[in-house]
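Chains, contacts and geometry: an overview
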Amino acid sequence: MIVRQNIEEMDMSDVWGKLSAPVPPSTISWRQDGRPVLREGKSYARFVAYIEANTVRERLDAVVAGEWDLTLDLLPPVSGSADDGDGQLCSFKARLQVMGVIREDVGTGRDYKQAATDAFKRAAVRFGVGHELYAYDTNWVQLDGEGRAAKPIEDPQVAYERRYGSGNGRGAGSAMATAAGGGGGGGGGGVSVIGTANTSEAECPKCGGRMWDNRLTKRNPRAPDFKCRDRLCDGVIWPARAPSTPALVSVSSDGDSLAFDASPLAAEDIPF
């Protein structure tokens, strides 16, 4: 039985701080994201860090026992990829209330359980639970084969720490240069210019957040090179149209664009 806490005796700033504290390293797991790619005769796959729903529940019960509530609403199925069987994914909207504050998010999965836990974890992230995982750099790990049964030749966590260090979040190897667009009158918005030297990450031109690097895994060469990690943001960075075209071009809110004179990322710069 969960004992209800006295709200008046709780410091709210302390509550939010404890909820958003980094999760224990022992609770972090890794899963393959997307299909493997071949490079120089070797197979690589991108792995992403995640935590189980039980870890989220334990954090909520430890910090705000009896003061949180979860409501799940079933949503219509959404289209998935070819790897999802019939191409349909279950979808839930999670409504998480903590100390009277409400946050909502949507999750998807191959079945109801997977979709429900995905929605729960995403809503919890909006309270800071496990938010540090979104700051992790891209983690490419070599596989022992090319088929569906292929496994990583080393633990993804070990591979990540070897490449970026043992600390949580982004590694020191990422390099971004951001220039604010000036401009005269007319109320033009700022323009972010992003350098790509020795980095697999980019800054979203719309929200300024981190982006997924799709250059290795996309099938259509005309598809975006980068896509914002925030599902609520549609920020993308398109591939160069010609060899002389800069690798990345960011677009301001008023539709104007500014090019950065840099050559496209070479294959040997991919941080495997």
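Below, the structure is looked at part by part. (Residues numbered from 1 in each chain as written. Predicted model: local features only at pLDDT ≥ 70, side-chain atom pairs only at ≥ 80, totals over all residues. Heavy atoms only, no water.)

1. Re the overall build of the protein chain
Let me state the cut-off plainly: Where helices and strands are cited, they refer to DSSP runs of H or I of at least four residues and of E of at least two residues respectively, numbered from the N terminus. Relative accessible area decides the class of each residue, using a 1.4 Å probe on protein chains only: under 20% of the type maximum gives buried, over 50% gives exposed, and in between gives partly exposed. Here a residue-residue contact requires only that any non-hydrogen atoms of the pair lie within 4.5 Å. With residues, only the protein chains shown are counted as cover, and all accessible areas are computed by Shrake-Rupley using a 1.4 Å probe.
Each helix and strand in the protein chain was counted, giving four helices and 12 strands. Put simply, the protein chain has 272 residues, and 37% of those count as buried. Considering only intrachain contacts with a sequence separation of at least 6, the fraction spanning at least 24 residues in the protein chain is 52%. Approximately 15,300 Å² of the protein chain is accessible, and the part contributed by carbon and sulfur atoms is 51%.

2. Overview of the packing of aromatic side chains
Each aromatic ring pair is summarised here by two numbers: the centre-to-centre distance and the angle between the ring planes. Defined as follows: Pairing of aromatic rings covers Phe, Tyr and the six-membered ring of Trp, with a centre-to-centre limit of 6.5 Å; geometry is then stacked below 30 degrees between planes, edge-to-face above 60, and tilted otherwise.
The full count for this structure, using the stated rule, is seven aromatic pairs. On the numbers, 6.0 Å between centres and 20 degrees between planes, the contact of Trp16 with Phe127 is stacked. Residue Trp16 is located in helix H1 (residues 12-19), and its partner Phe127 is located in the loop between helix H3 (112-125) and strand E7 (139-142); the two are separated by 111 residues in the primary sequence. A relative accessible area of 27% means that Trp16 is categorised as partly exposed. Between Tyr160 and Tyr164, the aromatic rings sit 4.7 Å apart at their centres with planes inclined by 50 degrees, giving tilted as the arrangement.

3. What about the sheet that holds strand E9 (residues 226-228)?
Note the threshold: Whether two strands pair depends on DSSP finding at least two bridges between them.
Here we have three strands laid out as an open sheet, ordered E8-E9-E10, and antiparallel in their pairing. Only two strands of the sheet have a single neighbouring strand rather than two, namely strand E8 (211-213) and strand E10 (236-237). Of the pairings in the sheet, the one linking E9 to E10 comprises two bridges and is antiparallel in character. Considered in E10, the bridge of Lys227 is made with Val236.

4. Examining the pattern of salt bridges
Note the following rule: Here, a salt bridge means any side-chain nitrogen of Lys or Arg that lies within 4 Å of a carboxyl oxygen of Asp or Glu.
Across all of its chains, the model carries eight salt bridges by this definition. A salt bridge links Asp234 to Lys206; the shortest N-O distance between them is 2.7 Å. One end of the pair, Asp234, is in the loop between E9 and E10; the other, Lys206, is in the loop between helix H4 (156-164) and E8, with 28 residues separating them in the sequence. An identical accessibility class is assigned to Asp234 and Lys206; each is exposed. Here the residues in one salt-bridge network are Arg31, Asp33 and Arg46, joined through shared partners.

5. Describing the packing of H1 against helix H2 (residues 53-64)
To keep it simple, the criterion reads: Axis angles are defined between N-to-C directions and span 0 to 180 degrees, where every axis is a line fitted to C-alpha atoms and, for a helix, only to the segment in contact. By the definition adopted for this analysis, an angle is roughly parallel if under 35 degrees, roughly antiparallel if over 145, roughly perpendicular if from 65 to 115, and oblique otherwise. What makes a crossing left-handed is the near helix being turned counterclockwise from the far one by less than a right angle; a clockwise turn instead makes it right-handed. Nonpolar residues are Ala, Val, Leu, Ile, Met, Phe, Trp, Tyr, Cys and Pro. Charged residues are Asp, Glu, Lys and Arg, and all others, Gly as well, are polar.
Packing of H1 against H2 brings their axes to within 10 Å, and their N-to-C directions diverge by 160 degrees. Judged on the interaxial angle alone, H2 and H1 are roughly antiparallel. Relative to H2, the crossing made by H1 is right-handed. Only Arg59, Leu60, Val63 and Val64 of H2 make contact with H1, whose side of the interface consists of Val15, Lys18 and Leu19. Here the contact of H1 with H2 is built from residues that sort into five nonpolar, no polar and two charged.

6. Concerning the sheet that holds strand E6 (residues 101-109)
Spatially, E4-E5-E6 is the arrangement adopted by the three strands of the open sheet, whose pairing is antiparallel. In this open sheet, the two strands that pair with only one neighbour each are strand E4 (68-79) and E6. Between one strand and the next, the sheet's axes are offset by a mean angle of 20 degrees, whatever the strand orientation. Two elements, strand E5 (residues 88-98) and E6, share nine bridges in a ladder whose sense is antiparallel. Its bridge partner being in E6, Val98 is matched across the sheet by Val101.

7. Section: H4
Rule in force here: Note that the arc is computed from the directions linking the helix axis to the C-beta atoms. Two N or O atoms form a polar contact when they lie within 3.5 Å of each other; inside protein one atom must be a possible hydrogen donor and the other a possible acceptor, and for residues adjacent in sequence the pair counts only when both atoms belong to side chains.
Considered for burial, the residues of H4 that qualify are Pro156, Ala159, Tyr160 and Tyr164. An end-on view of H4 places all buried positions within 100 degrees of arc, on one side of the element. With a side-chain oxygen lying 2.8 Å from the backbone nitrogen of Gln157, the N-terminal cap of H4 falls on Asp155.

8. A look at the pairing of E5
Relative to E5, E4 is paired through 10 bridges, and the arrangement is antiparallel. Looking across to E5, one finds that Thr71 is bridged to Arg95. Adjacent in sequence and paired antiparallel, E5 and E6 are bridged by two residues, among which Met99 carries a positive phi angle near 55 degrees.

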